[in-house]
Amino acid sequence: MAYDTIIVEKRGEAGLITLNRPKAMNALNKALLDEMIDALAAMRDDAKIGAVVITGSQKAFAAGADIKEMSEFAFASAYMHDALGGWETVAGFPKPMIAAVSGYALGGGCELAAMCDFIIAGESAKFGQPEVTLGIMPGMGGTQRLARSIGKAKTMDLCLTGRMMDAEEAERCGLVARIVPDTELIEEAISAAQKIASFSLPSVMMAKETINQAFETGLAEGLRFERRLFHAMFALEDQSEGMAAFIDKRTPSFRNR
Ligand code: CO8
């Protein structure tokens, strides 16, 4: 598939998807969603890719769902066709996914960043859920994922006032994992993705799945889920290799099995 709204690259074992609608501040339209789903499916199936970075431009990660496209929505067809429900496919991508955010991450853009496993922000990053200013509310996880990651007070503040928060505030409240100068953003995110990709992919994927389980279940069930997958890791060749390498004082050679 040829892509019009994203740029897809490989940097070693890291995949890089750059949102590319510069005239619309990378607004997320249907074409972009379809292309993201296609690109991620290819990266999921590519055994040489161990983690993915999603980024935008210096000015905007993404300024939200495409308001011009969305202004044509009508209830019955949006409901029957589950408009924009495809973003849950993006959220369910099984390999690690890092958002590298500079500039605006608003509405669906903030929600896309929050769908990723963690966010690395450039100093210019600005996060917000301005849907209220348009007479709507968030619809891609802003009321749910955000409430779970930054808590009720900040989520209410962002969603009900529509105000933006800067990178420092986003890091303080736990939305952002690290802040770096804008000029180092892509390099930092790619290097984090490559680091992750250098480990055993099945163990990394299990860690991701287990952390996400913390948001779905109670503590006792979550701990049981963790322990069962931990037990399962002793069926991996990579576990034997990782521990043997430690004991032999050498670098492990993981084979993703
Ligand atoms: N959609 C479409 N076009 C956009 C969007 C957008 N979200 N954001 C910016 N653009 C376009 C502008 O219309 C403009 O186009 P043109 O040059 O043709 O007029 C171009 O990008 C540049 O934008 P500005 O001139 O406004 O640039 P500024 O630097 O002055 O301002 C802002 C930048 C602050 C980012 C401003 O553009 C803005 O406020 N954008 C809208 C932000 C917003 O409200 N986002 C939320 C959208 S709603 C949403 O995301 C809901 C998601 C959930 C859907 C789930 C459904 C199930």
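Residues numbered from 1 in each chain as written. Predicted model: local features only at pLDDT ≥ 70, side-chain atom pairs only at ≥ 80, totals over all residues. Heavy atoms only, no water.

Naming follows an unreviewed UniProt entry, where the protein appears as enoyl-CoA hydratase of Oceaniradius stylonematis. Taken from UniProt, the Sequence similarities (unreviewed entry) comment for the protein reads in full: "Belongs to the enoyl-CoA hydratase/isomerase family." Turning to the protein, the UniProt annotation filed under Function (unreviewed entry) states: "Could possibly oxidize fatty acids using specific components." (UniProt positions renumbered as here; feature names shortened; annotations may be inferred.)

Q: Can you help me understand the sheet that holds strand β2 (residues 14-19) in this one?
A: Two strands in a sheet stick together by hydrogen bonds in their backbones, pointing the same way (parallel) or opposite ways (antiparallel). Strand order in this open sheet of six strands is β1-β2-β3-β5-β7-β10, and the pairing throughout is mixed. Each edge of the open sheet carries a strand with a single partner, namely β1 (6-11) and β10 (178-180). Taking the axes of each pair of neighbouring strands and ignoring which way they run, one obtains an average angle of 20° across the sheet. Where strand β5 (residues 97-101) meets strand β7 (residues 118-122), four bridges bridge the pair, whose relative direction is parallel. (Pairing = 2+ DSSP bridges. Helix = DSSP H or I, 4+ residues; strand = E, 2+ residues; numbered from the N terminus. Axes fitted to C-alpha atoms, helices over the stretch in contact; angles between N-to-C directions.)

Q: Looking at this model, I keep getting lost on the confidence of the model for the protein. Mind explaining?
A: Segments scoring low in pLDDT should not have their predicted coordinates read at a detailed level. Scored by pLDDT, the protein has a mean of 97; 100% of the residues are at 70 or more. Interface confidence in the predicted complex, given as ipTM, is 0.97; pTM for the same model is 0.97. (pLDDT = per-residue confidence, 0-100.)

Q: Sorry if this is basic, but what is going on with unusual backbone geometry here?
A: Excluding glycine, a negative phi dihedral is what most residues carry, and trans is how most peptide bonds are arranged. One non-glycine residue, N26, lies in positive phi territory at about 60°. If you trace the backbone, N26 turns up in the loop between β2 and α1 (30-45). A relative accessible area of 2% places N26 in the buried class. (Buried < 20%, exposed > 50% of the residue type's maximum accessible area, 1.4 Å probe, protein only.)

Q: Please explain the site of the ligand as it appears in this structure.
A: Around the ligand, the surrounding shell holds 24 residues, and the nearest of these are A63, A65, I67, K68 and G108. For the ligand, a nitrogen atom lies 2.9 Å from a polar atom in the backbone of A63. Calculation on the ligand without its partners gives an accessible area of 1,100 Å², and the protein chains cover 65% of this total. Element by element, the count of residues in the shell around the ligand is highest for helix α2 (residues 67-70), at three residues. Looking at the shell around the ligand residue by residue, the classes come out as 14 nonpolar, four polar and six charged. (Near = heavy atom within 4 Å. Polar contact = N/O pair within 3.5 Å; in protein donor to acceptor, adjacent residues only side chain to side chain. Areas by Shrake-Rupley, 256 points an atom, 1.4 Å probe, with all protein chains shown as cover. Nonpolar A, V, L, I, M, F, W, Y, C, P; charged D, E, K, R; others polar.)

Q: What should I look at first to understand the sheet that holds strand β8 (residues 126-128) in this one?
A: Pairing within the open sheet is mixed, and its four strands lie in the order β4-β6-β8-β9. Only two strands of the sheet have a single partner each, and these edge strands are β4 (60-62) and β9 (164-166). Across this sheet, the average inter-strand angle for adjacent strands is 20°, counted without regard to direction. Lying over the sheet, helix α5 (residues 108-115) contacts β4, β6 (104-106) and β8, oriented at roughly 90° with respect to β6. (Contact = heavy atoms within 4.5 Å.)

Q: Got a minute to help me understand helix α9 (residues 185-197) in this structure?
A: Over its 13 residues, α9 runs 18 Å from end to end, which matches the ideal 18 Å to within 8%, given 1.5 Å per residue. For α9, every residue scored as buried is listed here: L185, A189, I190, A192, A193, I196 and A197. Mapping the buried residues of α9 onto a view down its axis gives an arc of 160°, with all of them on the same face. Residues of α9 that are exposed and point more than 90 degrees away from the buried face comprise E187 and K195. (Expected span 1.5 Å × (residues − 1). Arc of directions from axis to C-beta.)

Q: Please clarify how the packing of aromatic side chains should be interpreted in this entry.
A: A ring pair, where both rings are aromatic, is described by two values, the distance of the centres and the angle of the planes. Applying the stated rule across the entire model yields two aromatic pairs. Ring plane angle 70° and centroid distance 5.4 Å describe the contact between F230 and F234, whose orientation is recorded as edge-to-face. The exposure class of F230 is partly exposed, given its relative accessible area of 48%. A cation over an aromatic ring shows up here: K126 above the ring of Y104, its NZ or CZ 5.3 Å from the ring centre. (Phe/Tyr/Trp six-rings, centres within 6.5 Å; stacked < 30°, edge-to-face > 60°. Lys NZ or Arg CZ within 6 Å of the ring centre and 35° of its normal.)

Q: Whenever I open this one, the environment of C173 confuses me. Can you help?
A: Inspection of the secondary structure puts C173 in the loop between α8 (167-172) and β10. On the basis of relative accessible area, C173 is assigned to the buried category, the value being 16%. Remark: the alpha-carbon pair of C173 and S149, spanning 24 residues in sequence, is separated by 8.5 Å. Apart from the residues lying within four places of it in its own chain, the contact partners of C173 are S149, I150, K154 and M165.

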